[in-house]
Amino acid sequence: MNEVKTPKKPLIFYYCVALLLLLLFNFLAMPWMAQRQVKEVDYGTFMSMTLDGNIGQVEVQETENQIFFTDKDNTTVYKTGMMPDPDLTQRLFDSGAEFTGEIIEQTDPLLSLLLTWILPVVIFVALGQYMTKRLMKNAGGPNAMMFGKGKSNARVYVKSSEGIKFSDVAGEDEAKENLAEIVEYLHDPSKYREIGASMPKGILLVGPPGTGKTMLAKAVAGEANVPFFSMSGSEFVEMFVGMGASKVRDLFSQAKEKAPCIVFIDEIDAIGKKRDGQYGGNDEREQTLNQLLTEMDGFEENTGVIILAATNRPESLDPALTRPGRFDRRVPVELPDLQGRIAILKVHAKKIKVADDVDWSKIARMASGASGAELANIVNEAALRAVRDNRRFATQADLEESIEVVIAGYQKKNAIMTDEEKRIVAYHEIGHALVAAMQTHSAPVQKITIVPRTSGALGYTMQVDEGNHYLMSQAELENKIATLTGGRSAEELVFHSVSTGASNDIEQATKLARSMITRYGMSKDFDMVAMETVTNQYLGGDTSLACSAETQAEIDRQVVALVKQQHAKAMKILEENRAKLDQLAQYLYEKETITGEEFMDILQK
Ligand code: ADP
């Protein structure tokens, strides 16, 4: 829908306009209307009219040096200048004139009342009426609260037969199985009511970003063919305390009217964060959460309203929200495994034109660790690349390149490395690959390149696992650290100097070594004690230390020892294979990008 709305003007704008109109009216129109037509005459005329007794009212304005007077019938107002005339008062008295001070100001008392009192009131009342009507309309009818306060703005996807179905969500079989029950319930609640079983009121979809949580929620609505209300947690939180709460109320009352239906709250952690008693808490958020808790308690089971919520930070949610009776079921939506990745790639490949000979399994293996959203992105990048190269469909090469784009960024076409730098990078990358290849339990090398990328990488070695990998042994982890140190080791061995190029390797190796000691129980001294806990499982996996200062020092010492040991191992491997290292590095230097097969050919020759 491309409904174009004229931008709304703030309330203050209308009041300013009204005020301006009133001021203009008072300054310009009022004096003009108030003034009767005045005829200016000379003093002689005034005197003769006085003597003739043809004078009605007189007003002497001494400060202004002027006299206003009317004729006998009070029909015309005259004005004249003042003259030194000591007998004036007596003469006026004799002529029977009426002394007054109100010839000019007070014209018509009724008109004056109308202009100064009634008109402004009328203007303001009219303005108020207009504004109220407008806001009511925006808020969705006369039942809405004044000033549109607390309208939920939930987007309603009503019964969409062409909407998303479970078949559009590839992989995630466990989650789908879990949600299929909800669909069945929404189709036929009576079956559940008869036996007395009650459906969970709320279902929490948890998982890393881009794994298809929103899609799953939409698919449930699509399968069940019921209305779908969707709102993001952050949309509830407003500037004013209480607005969010009334939005929650409104959303639930709408949902109850439309039951059976699905209410989907995305990023529920925005309102569902743990309420801590700290000073300066967020009142609005807490009130909104309280209202949500109350609403969830408030509606009866089996009313047919199912609340789905998604979050990537389940650990930050308030325990009151996740207790049975509210969000009592938790459905993990994890990163897809190999089969899942293949399925997701194929689902998205249907939307573009691809060559028939694409090896999806290889692409999926290369994209290990990618989320559904990233895979969708990879497929789209491949299509874009095909268009750029004027091809009518995307090929295997497009897909492989787009994985690299997603991982490392675009190729820097005009980055100029010096010859020396290029040689160092070639040795660095071959160092990684050689150490990996000479150890067991290492994923095979897929590709080595020294073409710089926009992410800042000057080159990289891509290793691709054969299948799914759920567990890693201590030996595998150690080998991985050795592989990471392989690049720097090659530089040391060949150039007897070190460069900044290894910073990312160092970071990764340290992280791995640290996890081995603090979390995986792979250090003899600490046995099976966790020294660190993961605080943010789905978003980067930050950890927090939970040990004494002495232990921390010991951890640091052990991490250093572990990395040192693997570094020495890598060094030894490279020393023993120095001839191959030189040969491979030269080859890479010349070709810039080589495949895993080429690498293995030279290695095994
Ligand atoms: P989340 O809510 O978990 O952050 P979304 O449901 O918004 O993720 O997914 C974002 C996009 O990623 C979707 O629009 C879809 O294109 C793609 N996607 C994610 N998971 C899947 C999946 N399992 N199957 C197909 N596409 C997926």
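The structure displayed is predicted, hence computed values, not measured ones.

Attention shifts here to the overall build of the protein chain. Scanning the protein chain from N- to C-terminus turns up 22 helices and 16 strands. Expressed as a percentage of its 605 residues, the buried residues of the protein chain come to 44%. Residue pairs at least 24 apart in sequence account for 73% of intrachain contacts in the protein chain once pairs closer than 6 positions are excluded.

We now examine the side chain of Asp 318. Of note, Asp 318 is situated in the loop between strand S10 (305-311) and helix H12 (319-322). Owing to a relative accessible area of 5%, Asp 318 belongs among the buried residues under this scheme. A distance of 3.0 Å separates the side chain of Asp 318 from the backbone nitrogen of Ala 320, its partner in a polar contact. Apart from the residues lying within four places of it in its own chain, the contact partners of Asp 318 are Gly 272, Lys 273, Lys 274, Arg 275 and Leu 289.

Moving on to the pairing of strand S7 (residues 202-206). The side chains of a regular strand alternate, residue by residue, between the two faces of the sheet. Taking burial as the measure, the five residues of S7 include five buried ones, the bulk of the element. Neither face of S7 is left uncovered, since the one carrying Gly 202, Leu 204 and Val 206 and the one carrying Ile 203 and Leu 205 both have all their residues buried. With five bridges connecting them, S7 and S10 associate as parallel partners. Along S10, the bridge assignment pairs Leu 205 with Ala 310. Of the strand pairs in this sheet, S7 and strand S11 (residues 327-332) are connected by five bridges, and their pairing is parallel. Considered in S11, the bridge of Leu 205 is made with Val 331.

Our focus in this paragraph is the sheet that holds strand S12 (residues 445-449). Sheet strands associate in pairs through backbone hydrogen bonding, adopting either a parallel or an antiparallel arrangement. The strand order across the open sheet formed by three strands is S13-S12-S16, and the pairing between neighbours is antiparallel. The sheet is open, and its two borders are formed by strand S13 (460-463) and strand S16 (593-595), each paired with just one other strand. Pairwise comparison of adjacent strand axes, ignoring direction, gives a mean angle of 10° for this sheet. Sheet topology places S12 next to S16; three bridges connect them, and they run antiparallel. Bridging from a neighbouring strand, Ile 448 pairs with Ile 594 of S16. Each of S12 and S16 is contacted by helix H21 (residues 578-591), which is oriented at about 120° to S16, the strand it contacts most. Set on the sheet, helix H22 (residues 596-604) makes contact with S12 and S16; between it and S16 the angle comes to about 75°.

Across the five residues that make up S12, a large majority, five, are buried. Looking at chain direction, S12 and S13 are connected through four bridges and run antiparallel. Bridge pairing links Val 445 to Gln 463 in S13.

Another aspect to go through is the environment of Pro 336. Among the secondary structure elements, Pro 336 is positioned in the loop between S11 and helix H13 (338-349). The exposure class assigned to Pro 336 is buried, which follows from its relative accessible area of 11%. Here the alpha-carbon distance between Pro 336 and Ala 370, two residues 34 residues apart in the chain, equals 7.6 Å. Residues contacting Pro 336, with those up to four places away along its chain left out, are Glu 172, Arg 341, Ile 344, Ala 370, Ser 371, Gly 372 and Leu 375.

Let us look at the packing of aromatic side chains. Considering all chains together, one arrives at six aromatic pairs under this definition. With centroids separated by 5.5 Å and ring planes inclined at 90°, the aromatic side chains of Tyr 427 and Phe 495 adopt a geometry described as edge-to-face. With Tyr 427 in helix H17 (residues 419-438) and Phe 495 in helix H18 (residues 474-495), the pair connects residues that are 68 residues apart, well separated along the chain. Tyr 427 gets classed as buried once you look at its relative accessible area, which sits at 9%. Taken together, Tyr 43, Phe 46, Phe 69 and Tyr 78 form an aromatic cluster joined through their ring pairs. Taking the ring centre of Tyr 589 as reference, the NZ or CZ of Lys 422 above it sits at 4.9 Å.

With 29 residues, the main nonpolar core has Leu 345, Trp 360, Ile 363, Leu 375, Leu 399 and Ile 403 as its most contacted residues. Only H13, helix H14 (360-366), helix H15 (372-388), helix H16 (396-408) and S13 provide two or more residues apiece to this core. Filtering out sequence-adjacent residues up to four positions away, Ile 363 remains in contact with Leu 345, Val 358, Gln 396, Leu 399, Glu 400 and Ile 403. Val 425, Ala 426, Met 571 and Leu 584 belong to the second largest nonpolar core, which has 28 residues in total.

Here we come to the confidence of the model for the protein chain. Considering every residue of the protein chain, the mean pLDDT works out to 82; 88% of them sit at 70 or more. The weakest mean pLDDT in the protein chain belongs to strand S6 (residues 155-157) at 56; the strongest belongs to helix H20 (residues 549-576) at 94. Across residues 1-7 the pLDDT falls below 50, and counting only partners more than four positions away or on other chains, this stretch makes zero contacts in the model. Taken as a whole, residues 139-149 scores under 50 in pLDDT and shows eleven contacts with residues more than four places along the chain or in a different chain.

Attention now goes to the site of the ligand. Around the ligand sit 16 residues, and of these Ala 170, Gly 210, Lys 213, Thr 214 and His 348 come closest. Take Gly 212: an N or O atom from its main chain is 3.1 Å from an oxygen atom of the ligand. A total of 550 Å² of accessible area belongs to the ligand in isolation, and the protein chains cover 79% of it. Where the shell around the ligand is concerned, the elements lending two or more residues are helix H7 (213-224), H13 and H15. Its residues assigned to classes, the shell around the ligand shows seven nonpolar, six polar and three charged.

Glancing now at the environment of Leu 584. Within the secondary structure layout, Leu 584 lies in helix H21. Each C-alpha atom, one on Leu 584 and one on Tyr 427, is 8.3 Å from the other, the two residues being 157 residues apart in sequence. Once residues lying within four places of it in the same chain are set aside, the contact partners of Leu 584 are Ile 430, Leu 434, Phe 599, Ile 602 and Leu 603.

On to a nonpolar patch on the surface. On the surface, a nonpolar cluster with roughly 830 Å² of combined accessible area is contributed by Tyr 15, Leu 19, Leu 20, Leu 23, Leu 24, Phe 27, Leu 28 and Phe 124. For the nonpolar patch, the element with the highest residue contribution is helix H1 (residues 11-34), accounting for seven residues. Checked against the element boundaries, Leu 19 lands in helix H1. By relative accessible area, Leu 19 is classed as partly exposed at 48%.

Basis of the calculations
- Residues numbered from 1 in each chain as written.
- Predicted model: local features only at pLDDT ≥ 70, side-chain atom pairs only at ≥ 80, totals over all residues.
- Heavy atoms only, no water.
- Helix = DSSP H or I, 4+ residues; strand = E, 2+ residues; numbered from the N terminus.
- Buried < 20%, exposed > 50% of the residue type's maximum accessible area, 1.4 Å probe, protein only.
- Contact = heavy atoms within 4.5 Å.
- Polar contact = N/O pair within 3.5 Å; in protein donor to acceptor, adjacent residues only side chain to side chain.
- Pairing = 2+ DSSP bridges.
- Axes fitted to C-alpha atoms, helices over the stretch in contact; angles between N-to-C directions.
- Phe/Tyr/Trp six-rings, centres within 6.5 Å; stacked < 30°, edge-to-face > 60°.
- Lys NZ or Arg CZ within 6 Å of the ring centre and 35° of its normal.
- Core = buried A, V, L, I, M, F, W, Y, C linked by side-chain atoms within 4.5 Å.
- pLDDT = per-residue confidence, 0-100.
- Near = heavy atom within 4 Å.
- Areas by Shrake-Rupley, 256 points an atom, 1.4 Å probe, with all protein chains shown as cover.
- Nonpolar A, V, L, I, M, F, W, Y, C, P; charged D, E, K, R; others polar.
- Patch = residues over 30% accessible without salt bridge, like charges linked within 9 Å, V, L, I, M, F, W, Y side chains within 5 Å.
- Salt bridge = Lys/Arg side-chain N within 4 Å of Asp/Glu carboxyl O.

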